[in-house]
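Tertiary structure, described
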Amino acid sequence: SSSSASKTCYQDAKYCCQRITPLNHHNKKLTDALEVLEKQADFLGGDNNSSRALAFRKASTALKALPKTVRNMREVENLCDLKGGKHCKRVVQEILEEGFSSEVEDIMNDEWFQTVKIFTGVFGCGAATGRKWFDMKLRSLEDVRRCQDINLTTEQKHGLKFYDDINTPVTRHEADVIQQIVAAEAQQILPGTTVTVTGGFSRGKTTGHDVDLLISHPEEGKEEGLLAQILYALHKKDFLEYTDVQNSSYNEAAIRQVKRNQVMDHFERCFSIFRLPKRLIQDRSELNTDQSTVKLGENTLKMSPKDQANTQRPTLAEEGSGDVEDTTNKTQNQDNSDETGNADDRNVRTQSQDAGLLDSKLTPCVDSEATSLNDGVRDWVARRVDLIITPHSQYAYALMGWIGSRMFNRSIRDYANREMNMTLTSHGLFDKTKNALIPAKTQREIFEHLKLQYREPKERNC
Ligand code: DCP
Ligand code: MG
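Remember, it's a predicted structure, so these values are computed and weren't measured experimentally.

Along its length, the protein carries 24 helices and 12 strands. Split into buried and exposed, the 462 residues of the protein put 50% on the buried side. Taking contacts inside the protein between residues at least 6 apart in sequence as the whole, the part at least 24 apart equals 67%. About 22,300 Å² of surface is accessible on the protein, with carbon and sulfur atoms providing 48% of the total.

And the structure:
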């Protein structure tokens with residue numbers, strides 16, 4: 001209804017994009033419980049369970065916007081997103097009365113839930129694969145690594161190999177270091193290129209599961225071909241462990257015919273596993289105080305003399321055709337050729353290859369002893385990094401989409417559709433009444449087009 005759009009009392013406004021949802025809120029006990037139920041529904045899969053998952057998520061989102069801790073049921077009785085949900089209400093009531101929910105405790109102690117949770121922590125393993133592995137009687141990552149009956153994807157092989165790294169939250173500092181590394185390369189390739197940390201960090205989170213970097217250039221069209229060049233430069237300096245490049249699939253029809261609740265946008269992008277040198281994160285001062293500075297446009301990346309030498313030395317990648325597509329394929333071929341061998345062989349081979357690479361290129365870091373206790377060879381940590389390229393004309397929309405949160409996007413897109421008869425995506429805003437795309441230079445303009453009060457990124461933690 002249009003009245004909800006102009007509601008002034010935002011705490012119980014219908015859409016979470018109308019509310020202020022801070023990162024640190026007053027009802028964590030309740031929302032944590034609801035998020036376990038959401039996760040369980042997600043793991044179970046299927047249409048019915050994804051609707052259930054959404055209902056749990058909506059209820060938890062509504063609670064996050066409340067200005068104080070809920071003490072009794074009456075305080076939440078009229079919340080839009082809790083009203084219809086008997087299950088949500090029951091759990092909230094249980095927690096308010098007993099201090100905990102036995103149903104939620106049971107789920108958390110359930111072997112199936114715990115195992116699928118571990119499995120879905122593997123990069124490239126979704127709920128369906130997690131369930132499948134459980135049904136195959138696999139109960140641990142070791143079981144998965146040893147299992148002869150599954151054809152692991154390249155992603156999953158990396159996910160298993162770097163499981164601990166990837167499941168260790170990325171810190172804000174690490175995200176900044178990665179941003180600086182990527183920005184330095186981008187500047188050198190094309191001065192003026194912008195590299196922006198988006199995702200959870202831009203909403204004020206101090207840790208995240210990955211680093212989302214939005215890359216653009218103020219001159220429309222200049223961004224074309226940029227991703228491949230940036231990846232090639234990063235690859236030459238050994239920053240990339242794994243890349244999965246997806247070409248842009250954007251066209252104007254795409255935004256007009258956007259499917260309901262379609263989440264994936266059409267930008268050119270790369271899902272990667274980044275090799276973040278421990279040296280760069282251990283010593284916070286290193287990025288700013290080292291004498292040897294590589295001046296790269298506006299961004300400076302400081303490196304030790306030895307590392308500079310490393311970057312100049314030919315690497316395996318450079319012996320190839322020098323095309324980033326090729327190096328990507330090379331990685332994949334390597335992995336594919338391993339598919340005949342068993343998982344243990346695969347690990348041994350890859351590790352010794354890594355050892356060789358590192359021996360010839362990197363000097364031991366300060367804590368080489370500690371490192372060798374861990375895995376003997378690496379002086380870098382694996383970090384999930386997403387690189388997204390956007391043309392300047394779509395930048396504000398791309399930024400809003402990648403700042404998120406996921407629920408914020410869902411709600412503002414729903415709102416645009418139902419209340420404004422417009423289609424909002426990370427590419428633009430399409431007015432279905434006027435049959436026209438509406439340009440925007442800033443996020444504020446997007447809110448204005450939608451007749452919504454502006455919400456800062458830190459208020460979008462729904
Ligand atoms: N996004 C989305 N829908 C998805 C996935 C992502 O709208 N299904 C958008 C909103 C997210 C942003 O992209 O906030 C970044 O995606 P992430 O999965 O990295 O989410 P966050 O950065 O918010 O979380 P984390 O801190 O765990 O990385
Ligand atoms: Mg993220």
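Back to the text.
Turning our attention to the pattern of salt bridges. Tallying each qualifying case throughout the model produces 19 salt bridges. The closest approach of N and O atoms between Arg378 and Asp165, which form a salt bridge, is 2.8 Å. Of this pair, Arg378 sits in the loop between helix H21 (368–374) and strand S9 (380–389) while Asp165 sits in helix H10 (residues 163–166), placing them 213 residues apart in sequence. Just as Arg378 is buried, Asp165 falls in that class too. Residue Arg269 pairs with Asp265 through a salt bridge whose shortest N-O separation is 2.2 Å. Salt bridges sharing common partners tie together Glu38, Arg57 and Arg406.

Our next topic: the site of ligand 1. Of all residues adjacent to ligand 1, which total 16 residues, the nearest are Gly200, Lys205, His209, Asp210 and Asn409. With respect to ligand 1, the side chain of Arg203 contributes an N or O atom lying 2.9 Å from an oxygen atom. Note that an oxygen atom of ligand 1 is positioned 3.5 Å from one of the backbone N or O atoms of Ile403. Alone, ligand 1 offers 550 Å² of accessible surface; in the complex the protein occludes 76% of this. Of all the elements in the fold, those that place two or more residues in the shell around ligand 1 are helix H12 (199–202), helix H22 (395–403) and helix H23 (406–420). No other element matches the 3 residues that H22 contributes to the shell around ligand 1. Tallied by class, the residues present in the shell around ligand 1 amount to 3 nonpolar, 8 polar and 5 charged. Each of domain 3 (170–389) and domain 4 (392–459) contributes no fewer than three residues to the shell around ligand 1.

Our focus in this paragraph is the coordination of the magnesium ion (ligand 2). Around the magnesium ion (ligand 2), the protein contributes the donor atoms Asp210 (OD) and Asp212 (OD), which lie 2.0 to 2.2 Å from the metal centre. You'll find Asp210 and Asp212 in the same group, each marked buried.

Before going further, it helps to spend a moment on the sheet that holds strand S2 (residues 194–197). Spatially, S2-S4-S9-S6-S5 is the arrangement adopted by the 5 strands of the open sheet, whose pairing is mixed. Edge positions in the open sheet fall to S2 and strand S5 (240–246), since each of these has one partner strand only. Neighbour to neighbour, the strand axes of the sheet diverge by 25 degrees on average, direction disregarded. One ladder, built from 10 bridges, connects strand S6 (residues 268–277) with S9; its direction is antiparallel. Note on S9: the bridge partner recorded for Cys270 is Leu387. Contacting S5 and S6, helix H9 (residues 154–161) crosses the sheet at an angle of about 150 degrees to S5. Those strands touched by H22 are S2, strand S4 (211–216), S6 and S9, and its axis lies near 180 degrees from that of S4.

Our next topic: the pairing of S6. With 10 of its 10 residues buried, S6 lies for the most part within the structure. Side chains of S6 alternate between two faces, with Glu268, Cys270, Ser272, Phe274 and Leu276 and Arg269, Phe271, Ile273, Arg275 and Pro277 buried alike. Bridge count between S5 and S6: 6 bridges; the pairing is antiparallel. Paired with Gln246 across the bridge in S6 is Arg269.

Examined against the element boundaries, Asp265 turns out to sit in the loop between helix H14 (252–256) and S6. Relative accessible area serves as the criterion here: at 11%, Asp265 is assigned to the buried category. Polar contacts involving the side chain of Asp265 include one to the main-chain amide nitrogen of Phe267, which spans 3.3 Å. Not counting residues up to four positions away in its chain, the partners in contact with Asp265 are Trp402, Ser426 and His427.

About the cut-offs
- Residues numbered from 1 in each chain as written.
- Chains lettered and ligands numbered in written order.
- Predicted model: local features only at pLDDT ≥ 70, side-chain atom pairs only at ≥ 80, totals over all residues.
- Heavy atoms only, no water.
- Helix = DSSP H or I, 4+ residues; strand = E, 2+ residues; numbered from the N terminus.
- Buried < 20%, exposed > 50% of the residue type's maximum accessible area, 1.4 Å probe, protein only.
- Contact = heavy atoms within 4.5 Å.
- Areas by Shrake-Rupley, 256 points an atom, 1.4 Å probe, with all protein chains shown as cover.
- Salt bridge = Lys/Arg side-chain N within 4 Å of Asp/Glu carboxyl O.
- Near = heavy atom within 4 Å.
- Polar contact = N/O pair within 3.5 Å; in protein donor to acceptor, adjacent residues only side chain to side chain.
- Nonpolar A, V, L, I, M, F, W, Y, C, P; charged D, E, K, R; others polar.
- Domains from an automatic or database assignment.
- Donors = N, O, S within 2.8 Å, 3.2 Å for Na, K, Ca; no water.
- Pairing = 2+ DSSP bridges.
- Axes fitted to C-alpha atoms, helices over the stretch in contact; angles between N-to-C directions.

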